[in-house]
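# Observations on the model geometry
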Amino acid sequence: MSAVHDSPAFAALVGTPREVRSQLDKSKARQVIVLPVEEKDSEHADLLVKTLSAVASFIAVGLREQDEQSFKALVNAVLPKAPPSPNLLREAAMAGRARKAVLEGADWLTAAQIAEVAGLSASNPSTQPNKWKRQRQIFAVHHNGVDYFPGYALDPEADYRPRKSLKPILEVFGDDKDGWGLASWFLAANSFLGARRPQDMLTAEPERVLAAARDEMEEVAHA
């Protein structure tokens with residue numbers, strides 16, 4: 001006569017091959033384990049199943065605990081070592097607002113877009129803009145893994161090459177400002193320029209923008 005032993009890990013069927021086969025036809029299990037028992041050992045079959053059931057339960061509990069530990073380890077790996085300080089959160093919020101203003105305050109082009117409007121090589125469009133950037137003829141902001149170049153830095157009368165007036169200004173700042181710092185400076189109203197923005201004066205009055213850049217660096221040097 002067949003018998004069923006349930007455990008948290010699995011349900012075990014005990015009986016003759018025909019009885020067990022009949023039970024398996026009703027089972028939804030994806031896999032089964034068959035353990036044939038000789039007739040002389042049939043009286044111990046029930047004890048054997050109970051033992052295997054206990055072992056399976058122990059293994060299942062161990063696997064669940066291991067999964068929980070792995071989950072906790074993954075969560076801890078992506079969390080900061082300590083909660084961010086309020087000052088850090090405020091600084092991050094300010095930096096985010098400043099960068100948003102920069103992106104909204106001008107037209108920004110990728111290297112591929114510059115290559116298109118300037119008639120550069122389409123096979124490797126980043127080569128020439130990156131060369132201009134290394135030579136401080138232009139600058140870029142790095143956003144979401146992509147370099148964006150300011151449209152106001154390109155001269156449409158020179159086939160959208162960098163404005164010649166930009167290089168001496170960038171050389172004044174040197175490495176003191178990164179791309180975001182430069183973009184913020186060009187965007188902000190400048191008291192030296194009568195509260196006008198450097199990026200708006202770059203075409204008509206580049207000498208005054210250069211003077212404002214020098215004034216900026218002199219103030220930094222004496223701060």
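These figures come from a predicted structure and were not determined experimentally.

Moving on: the layout of surface pockets. If you add up the space inside the second largest pocket, you get close to 240 Å³. Along the walls of the second largest pocket sit 17 residues, with F139, K177, D178, G179 and L182 positioned nearest its centre. For the lining of the second largest pocket, the element with the most residues is helix α7 (residues 179–187), which contributes three residues. Among the residues making up the lining of the second largest pocket, the classes are represented as eight nonpolar, three polar and six charged.

Evaluation of the coordinates by the stated rule reveals nine salt bridges. Two residues, K100 and E104, come together in a salt bridge whose shortest N-O distance is 2.7 Å. Of this pair, K100 and E104 both sit in helix α3 (residues 86–104), four residues apart, roughly one helical turn. Among the residues examined, E104 registers a relative accessible area of 58% and is labelled exposed. Note that D155 and R163 form a salt bridge whose closest N and O atoms lie 3.9 Å from each other. If you follow the salt bridges from partner to partner, you end up with R196, E205 and R208 in one network.

Take α7 next. With seven of its nine residues buried, α7 lies for the most part within the structure. On its buried face, α7 is in contact with α3, β3 (108–109), β4 (141–143), α6 (166–173), α8 (198–201) and α9 (206–222). Between a side-chain oxygen at the N-terminus of α7 and the backbone nitrogen of W180 the separation is 3.2 Å; the capping residue is D178.

About the thresholds
Residues numbered from 1 in each chain as written. Predicted model: local features only at pLDDT ≥ 70, side-chain atom pairs only at ≥ 80, totals over all residues. Heavy atoms only, no water. 1 Å grid on protein atoms, 1.4 Å probe; cavity = no way out; pocket = protein on both sides within 12 Å on 5 of 7 lines; lining within 4 Å. Points joined across faces, edges and corners; volume = space filled by probe spheres on them. Helix = DSSP H or I, 4+ residues; strand = E, 2+ residues; numbered from the N terminus. Nonpolar A, V, L, I, M, F, W, Y, C, P; charged D, E, K, R; others polar. Salt bridge = Lys/Arg side-chain N within 4 Å of Asp/Glu carboxyl O. Buried < 20%, exposed > 50% of the residue type's maximum accessible area, 1.4 Å probe, protein only. Contact = heavy atoms within 4.5 Å. Polar contact = N/O pair within 3.5 Å; in protein donor to acceptor, adjacent residues only side chain to side chain.

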